[in-house]
Structure formats: structure tokens, C-alpha cells
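What the coordinates show
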Amino acid sequence: MKKCLINVEGGLGKNVMLTAILEEFKATKGYDELYVISPYFDVFKACSAVTEAFPPGQGTLYQELVLDDDCDVYWKEPYSNQKFIKKQCHLFEAWAEEFGFELANAGDNYVPQLDKIEEAFPAVAQAARMQMEEWHQNYCIVQFNGGQSPLGPMQDQNGNPIPYNDQQEAIKRNYFKGDKIVKLLKEKYGDDCTIVHFALPNEPTIEGTVKVQVPYLAYHLIAANAKAIVCTDSSLQHLATGVNNNITVIWGETRPEHFGYSCNNNVCAQHVLNSQPYFKPLGVSPSIVRMPEPEVVMENVK
């Protein structure tokens, strides 16, 4: 029986992304069983392409697999792929190249596969149902910070507040006009439509929204019935893609041809000064981007 064990690192969005190509990887390479080690191992337990998933640092759970002559072990980093660093391919294509196979379709045509949530985590599914009932199936979801810590309130030397500016962000991916998007969503769908703010407790709160602390996998189920989803290049994009056909993604320095999905409404910032390659050792990007205005973003919301 041919097996493989994949070690995955990185954040939630990156881990969710990998589920999109695992079925094709497994079939192309002829694996009967596929195992994953990940800090987000629950993501892979929710993917039917995966036989079993383990948390890192629990070697006793997978040491036998590592030593098994019939098990191929992968510890590959798509961010180190030469084409990806130079912005010449999608992250899915970089992963495929690192894994030694070629995708059948263009990278942005794939969507995450989280098809076992209800089976693997019934409590998560129940939490999702309870929230949807509370919002009377009438809600939108937004996320404007993600993948980086938002800057806190800034002051000048006299203690006066300095207006927030997205050009101060390290990789210029957060969207600082989310409050206007929320108002426009209310105008479009009515005041009785709940605007759910997908955010950590320590992230900025937007007036007119609600924050709920439910397991992140619940948002995959909640997203399916949302009237609209508006977000940046962030984990919500990856959790929601494939189950909702009204997702609008606001792109700053990163681009949908590298991290996104063609099935979404992708609204890109203007790069006034070209951004640098996807290569962390270069440090903070000096690029200048002009984020799209809220009205432009809303033109793409159905």
C-alpha cells in the first residue's frame, strides 16, 4: 500500500489552501493513503482526501510512518519555490512543482476541500447552525484585517491622533475603509441584515457589526448561506471559497493570480510603485498601493 506523509507549516489560510490540490496530488502520484502533520491538523481532518492528520511535536503518532519504506515523506515549502518568489506562478502551482507533479488546471481554478466538517466535528457543525439561526439566515460576513497585525492607534509627539493610512502597513494588505463597506452592505441588504465581523478579539471593531467566537471551521459552513462576503486576502477568503458565489476579495500588495481564486470577485489595488518579490528576507516592502474605494468594491457585490 503506497502512502505519503506531508508536513505543512504556516498560517490558517495557507493550510486551508493546500486541501484544494490534495485529491489530485494523491491520484496523480498513486497514493492509497495520505497523512498530514500541521498546526491546523483539524483542517485536514475535515478533508476527505486525507487519511489522518496529526499535530506537530507528537512524534509517537507518526514515527512509524516516517520510517515506513512504503511511505514517502514530504517537507516542502512553496514559498521557497523560485517561480513563486518571482511572482511567476500561483501558490498551488508552486506546491505542485515542489511535490513533483503538474496540475491539470490553472492554479486559480482550484478551491479548498473541507467536505468532512460535519462528520469529523459535529459540535462545530452545531455551533454553525446555532449562529445561522440566531441571524435568521440573513447575514453578510466581512474581514478587513488578516495575515498581519493591524497597526494600533497612532499619535504624534503631542499626543494627537494620526489618521490611519494603509501605506504604513508592512505588506499593505489590510483595508482601512471597512466601516464604509459595512454601511454600504446595510444599504444594499437592509438594516435587519447582520454584518458578521470575522476578526480576533484584539483586532479593530467596526460599528454596526457583530463578532462571534466560534471555531474557524464553522465559518466554512456559515459562509455557504451568507448573502455576501467581503474580505481581503485573508483566511476568510480561503474558508469561504467554493461554498458561496458572492465573495468579493480586496487585494492590496498580494495578487489573486498568486493567492486567489478565479470564481471570486477580485478587486485589485493599483500598484503605484511596483511591489517586491515574495521573499521574506527582503524585509518590509517599500511598495505604494492605492486601495480601491468602497464604492468600487461594492460594484462587484451581487
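You'll find the structure just up there.
Below is a short write-up of the structure. (Residues numbered from 1 in each chain as written. Predicted model: local features only at pLDDT ≥ 70, side-chain atom pairs only at ≥ 80, totals over all residues. Heavy atoms only, no water.)

Attention now moves to the overall build of the protein. Counting its regular elements, the protein contains 12 helices and 13 strands. Along the three orthogonal principal directions, the C-alpha set of the protein runs to about 65 × 45 × 35 Å. Residues classed as buried in the protein amount to 51% of the 302 residues present. Sequence separation of at least 24 residues holds for 61% of the intrachain contacts in the protein that already meet a minimum separation of 6. A total of about 14200 Å² of accessible surface is found on the protein, and carbon and sulfur atoms cover 50% of it. Within the protein, the 38 negative side-chain charges are centred at a point lying 4 Å from the centre of the 25 positive side-chain charges. (Helix = DSSP H or I, 4+ residues; strand = E, 2+ residues; numbered from the N terminus. Buried < 20%, exposed > 50% of the residue type's maximum accessible area, 1.4 Å probe, protein only. Contact = heavy atoms within 4.5 Å. Areas by Shrake-Rupley, 256 points an atom, 1.4 Å probe, with all protein chains shown as cover. Lys, Arg positive; Asp, Glu negative; His and termini not counted. Charge placed at Lys NZ, Arg CZ, Asp CG, Glu CD.)

Attention shifts here to the environment of F144. When you line up the elements, F144 lands in the loop between strand 5 (139–143) and strand 6 (154–155). Residue F144 is classed as buried on the basis of its relative accessible area of 2%. Sequence-wise, F144 and R173 are 29 residues apart; in three dimensions their C-alpha atoms are separated by 8.6 Å. Apart from the residues lying within four places of it in its own chain, the contact partners of F144 are N174, Y175, G178, I181, V182, I206, V230, T232 and I250.

Bringing a nonpolar patch on the surface into the picture now. Together, V66, L67 and V73 make up an exposed nonpolar region whose accessible area comes to about 270 Å². Here V66 shows up in helix 3 (residues 63–67). (Patch = residues over 30% accessible without salt bridge, like charges linked within 9 Å, V, L, I, M, F, W, Y side chains within 5 Å. Salt bridge = Lys/Arg side-chain N within 4 Å of Asp/Glu carboxyl O.)

Take the sheet that holds strand 5 next. The strand order 8-5-9-10-11 describes an open sheet built from five strands, whose pairing is parallel. Each end of this open sheet is capped by a strand with a single partner; those strands are strand 8 (194–197) and strand 11 (265–268). The sheet shows a mean angle of 20° between the axes of neighbouring strands, taken without regard to direction. Bridge count between strand 9 (residues 229–232) and strand 10 (residues 247–251): four bridges; the pairing is parallel. Across the sheet, residue T232 finds its bridge partner in strand 10, namely I250. (Pairing = 2+ DSSP bridges. Axes fitted to C-alpha atoms, helices over the stretch in contact; angles between N-to-C directions.)

The strand order 3-2-1-4 describes an open sheet built from four strands, whose pairing is parallel. A strand with exactly one partner marks an edge of an open sheet, and here the two such strands are strand 3 (52–54) and strand 4 (71–74). This sheet shows a mean twist of 15° between the axes of neighbouring strands, independent of strand direction. Bridge count for strand 1 (residues 3–7) against strand 4 is four bridges, and the pairing is parallel. Looking at strand 4, one finds that K3 is bridged to C71.

Quick look at helix 1 (residues 12–29) now. Residues spaced three or four apart along an α-helix point in a common direction, a consequence of the helix completing one turn every 3.6 residues. End to end, helix 1 covers 26 Å across 18 residues, agreeing with the expected 26 Å (1.5 Å per residue, within 8%). Along helix 1, the largest kink reaches about 45° and is centred on I21. Burial analysis of helix 1 places 14 of its 18 residues in the buried class, which makes it a mostly covered element. Once helix 1 ends, the next one or two residues include G30, with phi positive near 75°. (Expected span 1.5 Å × (residues − 1). Bend = angle between axes of the 7 residues up to and from the residue.)

Its location among the elements puts N174 in the loop between strand 7 (161–162) and helix 8 (178–189). At 3.5 Å, the side chain of N174 and the side chain of N145 are in polar contact. (Polar contact = N/O pair within 3.5 Å; in protein donor to acceptor, adjacent residues only side chain to side chain.)

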